[in-house]
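# Observations on chain architecture
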Amino acid sequence: MRHPLLRLLSTLMFVLALAVGASAQSNSTTTEEPDIADAIRTATEAGASVIVIDGNGQVSSNGAPTTTETESSDDLMDDASSLMKAQSEVAEFREELKSRLAALPYSVFEVKYILRETSPDGRIMTFVEVFGWCVFLLLLGRWASTEIYGKRIARRFVVSRIVENPQGYKDKMPFLFMRFVAGIVGTIFAMVFAYIAGYLIFGETSDLAVEFTVTAIFSAFFIARTISDVWRMVLSPYLSQYRIPHFSDRDAKRLYLWASALATYDVSTVILSTWVADFGLNYNVYALVYGVLTLVGATGNIAMILFNARAISSAIRTGRSKESVSWILRLLSVSWAPLTVAYVIFGWFQLAFDLVLERPAPLPVVAGTYSVLMSILIAYGVINYAIERYFNRSRQIKQINADAAADGSAALDGEILEPADEPSEPYRHPIATYEDLARRAAGVLAFGIGGVALMAVWNPDIDWMSDTYVERGIDVLVIMFIGYLVYHFFRIWIDSKIAEESVDMAEAELGDEGGAGSASRLATLLPLFRGAILAVVVVSIILIVLLELGINVSPLFAGAGVVGLAVGFGSQTLVRDVFSGAFFLLDDAFRKGEYIDIGDVKGTVEKISVRSFQLRHHLGALHTIPFGEIKVLTNYSRDWVIMKLPLRVTYDTDVEKVRKLIKKLGQQLLTDPVIGDNFIQPLKSQGVIEMQDSAMIIRVKFMTKPGDQWLIRKKVYNDIRELFAREGIKFAHREVTVRVAADQEEQLTPKQKEAAVGAVQAAIDEDILDVNEGGDDR
């Protein structure tokens, strides 16, 4: 196996050697054909593939080095550097190129001789006629396949299954595969038709050369048509609803025509070169035909890339703009074209280098790369089809069970359930379900397998396990991939459990005093477990990777213990916060979404981390409090809450009448369609709790679920106001009486009047504070 650096250096230096080879070609000489024929026959019988002929038409040497020379050269080069090996190969290439260019004119005479000898009638044009008739009969068979098989047979099975809006791989892949099979059958039909027509016209032939030529042409036709059908399955140029890649109709048709034409040309190149080699023709002619034809093919591939670069880049981004995709897709959509062009150029130079040095080159690197690409696309489509089928079946089972449960509930309630308004879509993780994870894993595996297959095409003799660094690198990548899957597997499970726990969680209205919409204990703790799992996975992957790289991790554990002691002594506050938070959460003191008061700060719990948590005040302020700072914690969102409302009425109010009216109103509110189910205890009066200068304070109360008291309070206040207005019960207004002696009423100055008004306002403010903060709370 040659080192990749050696291959790169050899190929680059090959470009410089082309000039030398061109000058050698201009210095070659020619001889007469009759004298050369005997020399060629003699050399062929001796088993020589390349011969050197002097000016007299005699075989001077077969150009083959002796075994001793070869072994000595190999021993010397084993210990040389990559640069020295590359220079040696380039020197060998230059000498070989000179020799082949010098012998090329004689090689043409050899080809003519062999073709005449193998032709059934001794004419070279016989093979051209066979080629022309085969192409004509295959085109005739293609027409018959379209008119007979396509329009009368295949149309029934293909066109009848076309739908307007197929969904996903599960609907598209079966139809695309069926159409691909129909295309293969049509190709076979055309070949059978062409063979029968040729048999009827020319009869049976017993000449092996003609049979081999016909087999090569028919094989090229079948392979080219099959590759064209594969591209048609991938791009679906004429049925846009079945197209999986994101191409417009115009771009898909143009890329399909380019790909099909180049596939036909590449297949023809390989088949023709194989025909030349298997016919026993001169190797110089084989190398020349193969090299020139693949050069034209490489030029065509570069042209296809340049003409379709914009469309393919858009398909890589799935039609989105560069700014709306990840940096990986953005980089891939920009860099794929220049990298591919460079790869095509380098691949042709490598092929030419191998041809000149007579090394095995059975398939152009570019053609092999296209085969790998098509295999990746087809495998990815098949894997995604299987994934969609599996998860779609699971979704159907869940939907059937949900519909059955909903129908049963509706039958029990005796009413038809109406669909509720869909809530706004929250943020969705790119890998939110196991199906998304399976698709991501399929994509990674497809590209990984494609990369390995690409290296195998580039170097068929590669041995991955012979290089320790490559083996370790592969192990590290596999470990990281497994860790990636493990983390996302647990993350998806935790997120789904959090979503299940949050289904019945009511969202509190912004600006409310809080207490509504508290999460369950599991939904509160699971996000912390998710972070812990991530930490465990990351640490485990790092340790395993270090072990694979041959690093001893035992000192790391000892160092971690020392660092832990240092952190424990130096960051006692941090340790206190972490342990306090752990015990608060274990005691279930509060949960996410609950309204709590810790003395100085109160609000709704929005976020909980390992060291602290965040409270959102009902006025909007966000407070972050370390767990270690909590001395006393009051939770307003557990089990039930009692709301007490003071009412100011005049002294002439009938207290017993008010009690009965409030009790009756409480019974009516229990049947209210909006808030009736939220009551735990109905609204009732507690009687007079305080006597003030200008009013009696009557208090009413009710018990409800935490967080619902604010909505019920609005309704209660509104209904009491309307009830008192109907019953003639008057609310007492706040007032302060200032008494002035009768003889001094007219003698008050403006300043004295202002002082009296200020005293009145102070008395009113003090009274308000007494009502809101003081008084009996029983």
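Everything in this summary refers to the structure shown in the same document.

Quick notes on the rules
- Along each chain, residue indices are assigned from 1 in the same order as the chain's sequence is written.
- In view of the model being predicted, local features appear only for residues whose pLDDT reaches at least 70, and side-chain atom pairs are presented and counted only at 80 or more, with totals across whole chains, interfaces and linings using the full set of residues.
- Side-chain metrics in this entry use all non-hydrogen atoms of the structure; hydrogen atoms and water are not considered.
- The secondary structure listing takes helices from DSSP runs of H or I that are at least 4 residues long and strands from runs of E that are at least 2 residues long, numbered from the N terminus.
- Buried, partly exposed and exposed residues are distinguished by accessible area as a fraction of the type maximum, computed with a 1.4 Å probe on protein chains only: under 20%, between the cut-offs, and over 50%, respectively.
- Calculation of accessible area relied on Shrake-Rupley with a 1.4 Å probe; when residues are assessed, cover is drawn exclusively from the protein chains displayed.
- Every angle, taken between N-to-C directions, lies between 0 and 180 degrees, and every axis is a line fitted to C-alpha atoms, over only the stretch in contact when it is a helix.
- Orientation categories follow fixed angle ranges, with anything under 35 degrees roughly parallel, anything over 145 roughly antiparallel, 65 to 115 roughly perpendicular, and all other angles oblique.
- Two helices crossing with the near one rotated counterclockwise from the far one by less than a right angle form a left-handed crossing, whereas a clockwise rotation gives a right-handed crossing.
- Here a residue-residue contact requires only that any non-hydrogen atoms of the pair lie within 4.5 Å.
- Just so you know the grouping, Ala, Val, Leu, Ile, Met, Phe, Trp, Tyr, Cys and Pro go in nonpolar, Asp, Glu, Lys and Arg go in charged, and all remaining residues, Gly too, go in polar.
- Only strands that DSSP links by at least two bridges are regarded as paired with each other.
- The rule is short: rings of Phe, Tyr and Trp, with Trp giving its six-membered ring, pair when the centres are within 6.5 Å, and they are stacked under 30 degrees, edge-to-face over 60, tilted in between.

### Focus on the overall build of the protein
For the protein, the count of helices and strands is 19 helices and 10 strands. Taking all 778 residues of the protein together, the buried fraction comes to 36%. Looking at the protein as shown, the accessible area adds up to about 46600 Å², and 61% of this sits on carbon and sulfur atoms.

### Observations concerning the packing of helix H17 (residues 655-670) against helix H18 (residues 709-727)
In contact at an axis separation of 11 Å, H17 and H18 are set at 135° when each is read in the N-to-C sense. What the angle tells us is that H17 and H18 run oblique. Here H17 runs over H18; the crossing is right-handed. Within the contact between the two elements, H17 uses Lys657, Val658, Leu661, Ile662, Leu665 and Leu669 and H18 uses Lys715, Val716, Asp719, Ile720, Leu723, Phe724 and Glu727. Looking at the contact of H17 with H18 residue by residue, the classes come out as 9 nonpolar, no polar and 4 charged.

### Re the sheet that holds strand E3 (residues 595-597)
The strands making up a sheet associate through hydrogen bonds between their backbones, and the pairing can be parallel or antiparallel. If you trace the 5 strands from one edge of the open sheet to the other, you get E6-E5-E4-E3-E7, paired in antiparallel fashion. Strands with a single pairing partner mark the edges of an open sheet, and in this sheet they are strand E6 (622-626) and strand E7 (634-635).

### Quick look at the packing of aromatic side chains
Where two aromatic rings form a pair, the distance of their centres and the angle of their planes describe that pair. A full pass over the atoms with the stated rule returns 15 aromatic pairs. Summarising the aromatic geometry, the rings of Phe175 and Tyr242 are spaced 4.2 Å apart at their centres and angled 25° between planes, so their arrangement reads as stacked. Taken together, the residues Phe175 in helix H6 (residues 168-202) and Tyr242 in the loop between helix H7 (208-235) and helix H8 (249-278) connect sequence positions 67 residues apart. Exposure class is identical for Phe175 and Tyr242. Each is buried.

### Some details on the packing of H7 against H8
Interaxial distance between H7 and H8 falls to 9 Å at its minimum, and their mutual angle equals 155°. What the angle tells us is that H7 and H8 run roughly antiparallel. Judged by the sense of rotation from one axis to the other, the crossing of H7 with H8 is right-handed. Side by side, H7 and H8 meet where Phe212, Thr213, Ala216, Ala220, Ile223, Ala224, Ile227, Ser228, Trp231, Arg232 and Leu235 of the first sit next to Ala252, Leu255, Tyr256, Ala259, Ser260, Ala263, Thr264, Val267, Ile271, Trp275 and Asp278 of the second. The class makeup of the residues in the contact of H7 with H8 is 16 nonpolar, 4 polar and 2 charged.

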